[in-house]
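Descriptive analysis of the structure
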2 protein chains.
Amino acid sequence: MQTALNLQAHIALVQAELDRLALPSSPALLYEPIRYFLNLGGKRLRPALLMESCVLMGGNLQEAIGPALAVELFHNFTLLHDDIMDEAPLRRNQATVHTRYNSSIAILSGDALFVLAYQQLLHTRPQALPELLTLFNQTALEVCEGQQLDMDLASMEEVKIDDYLKMIALKTSVLLAASLKMGALIAGANHADADLLYRFGKSLGIAFQIQDDILDIFGDPEKFGKQPGGDILSNKNTFLKLKAFELADEAQKNELKAAYALNSSSQAQEKVEQVTRLFEKLGVKALTEAEKERHLTDALQALDAVNMPESGKSGLRQYARFLVDREH
Amino acid sequence: MQTALNLQAHIALVQAELDRLALPSSPALLYEPIRYFLNLGGKRLRPALLMESCVLMGGNLQEAIGPALAVELFHNFTLLHDDIMDEAPLRRNQATVHTRYNSSIAILSGDALFVLAYQQLLHTRPQALPELLTLFNQTALEVCEGQQLDMDLASMEEVKIDDYLKMIALKTSVLLAASLKMGALIAGANHADADLLYRFGKSLGIAFQIQDDILDIFGDPEKFGKQPGGDILSNKNTFLKLKAFELADEAQKNELKAAYALNSSSQAQEKVEQVTRLFEKLGVKALTEAEKERHLTDALQALDAVNMPESGKSGLRQYARFLVDREH
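All of these numbers come straight from a predicted model, not from anything done at the bench.

1. Focus on the overall build of chain A
A tally of regular secondary structure across chain A gives 16 helices and two strands. In chain A, which comprises 328 residues, the share counted as buried stands at 59%. Contacts spanning at least 24 positions in sequence make up 74% of the contacts within chain A whose residues lie at least 6 apart. With the model as given, the accessible surface of chain A reaches about 13,400 Å², and the carbon-plus-sulfur share is 49%. Each charge class in chain A can be summarised by its mean position, and for the 32 positive and 43 negative side chains these summaries are 2 Å apart.

2. Observations regarding the packing of helix 8 (residues 161-186) of chain A against helix 9 (residues 191-218) of chain A
All names here are of chain A. Running from N to C, helix 8 and helix 9 cross one another at 140 degrees; their axes reach a closest spacing of 7 Å. With respect to their mutual orientation, helix 8 and helix 9 come out oblique. The interaxial crossing formed by helix 8 with helix 9 has right-handed handedness. Here the contact of helix 8 with helix 9 is built from residues that sort into 18 nonpolar, six polar and four charged.

3. Looking at helix 4 (residues 61-85) of chain A
It helps to recall that an α-helix has 3.6 residues per turn; residues three or four apart then point in one direction. All names here are of chain A. Here helix 4 contains 25 residues, and its C-alpha end-to-end distance of 36 Å stays within 8% of the 36 Å for a straight helix at 1.5 Å per residue. Counting buried residues along helix 4, 22 of its 25 residues qualify, which places the element largely inside the surrounding structure. Two to three positions downstream of the cap, the backbone nitrogen of Gln62 sits 2.9 Å from a side-chain oxygen, assigning the N-cap of helix 4 to Asn60. Note on helix 4: the residue one or two positions beyond its end, Glu87, has a positive phi of about 50 degrees.

4. As for the nonpolar core
By size, the foremost hydrophobic cluster in this structure holds 178 residues, and its most contacted members are Phe200 of chain A together with Phe200 of chain B. Not counting residues within four places of it along the chain, the set of residues in contact with Phe200 of chain A comprises Leu180, Ala299, Leu300, Ala302, Leu303, Leu316 and Ala320 of chain A. Membership of the second largest hydrophobic core comes to 30 residues, among which are Ile232, Leu242, Ala244 and Phe245 of chain A.

5. Structural notes on helix 3 (residues 45-56) of chain B
All names here are of chain B. If you check helix 3, its first and last C-alpha atoms are 16 Å apart, about what 12 residues at 1.5 Å a residue would give, namely 16 Å. Counting buried positions over the 12 residues of helix 3 gives 11, a clear majority of the element. Buried within helix 3 we find Leu45, Arg46, Pro47, Ala48, Leu49, Leu50, Met51, Glu52, Ser53, Cys54 and Leu56. Where the residues of helix 3 are buried, they touch helix 1 (7-19), helix 4 (61-85), helix 8 (161-186), helix 9 (191-218) and helix 16 (310-325). Positive phi appears at Gly58, one or two residues downstream of helix 3, with a value of about 90 degrees.

6. Some thoughts on the side chain of Asp213 of chain B
All names here are of chain B. Inspection of the secondary structure puts Asp213 in helix 9. Notably, Asp213 is buried but unbridged: the nearest opposite-charge side chain belongs to Lys236, and the N-O separation is 5.1 Å. If we skip the residues at most four places from it in the chain, Asp213 touches Tyr164, Asp231, Thr238, Phe239 and Leu240.

What counts as what
Residues numbered from 1 in each chain as written. Chains lettered and ligands numbered in written order. Predicted model: local features only at pLDDT ≥ 70, side-chain atom pairs only at ≥ 80, totals over all residues. Heavy atoms only, no water. Helix = DSSP H or I, 4+ residues; strand = E, 2+ residues; numbered from the N terminus. Buried < 20%, exposed > 50% of the residue type's maximum accessible area, 1.4 Å probe, protein only. Contact = heavy atoms within 4.5 Å. Areas by Shrake-Rupley, 256 points an atom, 1.4 Å probe, with all protein chains shown as cover. Lys, Arg positive; Asp, Glu negative; His and termini not counted. Charge placed at Lys NZ, Arg CZ, Asp CG, Glu CD. Axes fitted to C-alpha atoms, helices over the stretch in contact; angles between N-to-C directions. Parallel < 35°, antiparallel > 145°, perpendicular 65-115°, else oblique. Left-handed = near helix turned anticlockwise from the far one by under 90°. Nonpolar A, V, L, I, M, F, W, Y, C, P; charged D, E, K, R; others polar. Expected span 1.5 Å × (residues − 1). Polar contact = N/O pair within 3.5 Å; in protein donor to acceptor, adjacent residues only side chain to side chain. Core = buried A, V, L, I, M, F, W, Y, C linked by side-chain atoms within 4.5 Å. Salt bridge = Lys/Arg side-chain N within 4 Å of Asp/Glu carboxyl O.

Note that every value here comes from positions in space, so none of it alone points to a role or purpose.
This is the structure we're talking about:
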């Protein structure tokens, strides 16, 4: 994708900085798991957008690198701990830290990774530090709230769509939003613009997550890189699932429940097929796409109001569209 | 104990601030465990010493309250996560968070508690913030290293006393040291004095931990509030245990190993008696007291060199002596 943005260069820079991040060698069981987890890769989306936001708002890229790394390290810390709580065996097709080592090591190396994030945050303009730290703390707390809400919803019989949207906003979007705002703050942008970029990131993040939900079921397996229906098999709350339950009449609700209750591995294919068929019958996909568009529209409206060169806005617009229509 | 210090007032202030710390009400399972854990109590030693150090170095007590809370919240965060890793059912005779709720909740509420600590750190002089944050991060990382080292040593056949001292320095002392240094930094003290106070705290912390080891076995149960020998029953590495193995001849080593191998609950009393008898035979207590004095002496030497009113030094001296001779 060709835009006025330099996201590919930022991603490469973040990756290079992560690769050369100096970790002590001892205690090995504290630092090795961190290196292992960082090497599993990732889109590096948040740090790249932080850097882009800083540059577009007239800031110095060098001053954004530390906070960009902070955001990426923090994101990895949350994934590392979430994997323990979710008892996930795999992350990017590799063993999770608690599986490869053990839970104690995963808890503690996660904690240390969190500290490394705060260490990186310091590498910026000292004048920007109090505001950055306040935003970073608030965001970190909200991400914890999102994860708790996710666990709360997972154990509930009926989940409201509003609660689901609140959960993904906290668990996923606020960090994207904060990344964009942090870039603006480092650039010394005014608060109105910084807040608009926050709103852009928050709504974009929700649309991004909804596309994630769509891809899991309707993605092209060849492009998506995994078999469809993982969220269905794990009975995960997604926008599609909740919308389906909202629209279903009593008979269809029972069909959905029966399909989701198929839990033996021999019934996996049948389960995905049954649930997908019901989703199609209920027209859930189109409604989910519409919900995604609603959040994207809000994101783009916020972006329009930012005081920023038109070429930058146009680049961010294209990139936002690309993200929420992505196929993997 | 009557000194020129105001530690009791500082402790009361920290406690009052903790009591009125505004935690969101939702998600309840994120914030309730934090309130529960903070309400279990504690000596509030570190924050009180941070405040005292600030005042003695000529600083403003008000500017020390936030960082003092940060240190106390961080300390509680480490205890909360350590309890999961140690599979400890009780903390201060009450259920630990992972026992009362579950491990996922304990991991996540611990993470949130860590963020609350960083939030409090912001409530101080902005000019002091970069240095405070740098020290706080470094200390947090070292405490993680200490906990990993503790787990490493717990699974080792033979533990060197030097490694044990390194472990308790990281796990216990650096936070006491950092508390004293942070108080000095908030007061705007020069680096030489701040570093001397750090050394005072670090050596005092080691002496404090060694006294902990002594009290577990030789403490007066009525004053100590628990039955002696808890560390023996859990086969914990302590200075006394490692010194005993260092001094023992082959026959005594085998006796020690046999005693430590008694693991059924019906043999608990016998185990404690046998190990204690061997400790007495080997003269371990006196050597442990001597080691404690060595660290106290180093602490007091550092204190002597600090540029601070003599009444303050005298108060800290008395308090240090009180801490390492305490009976509970």
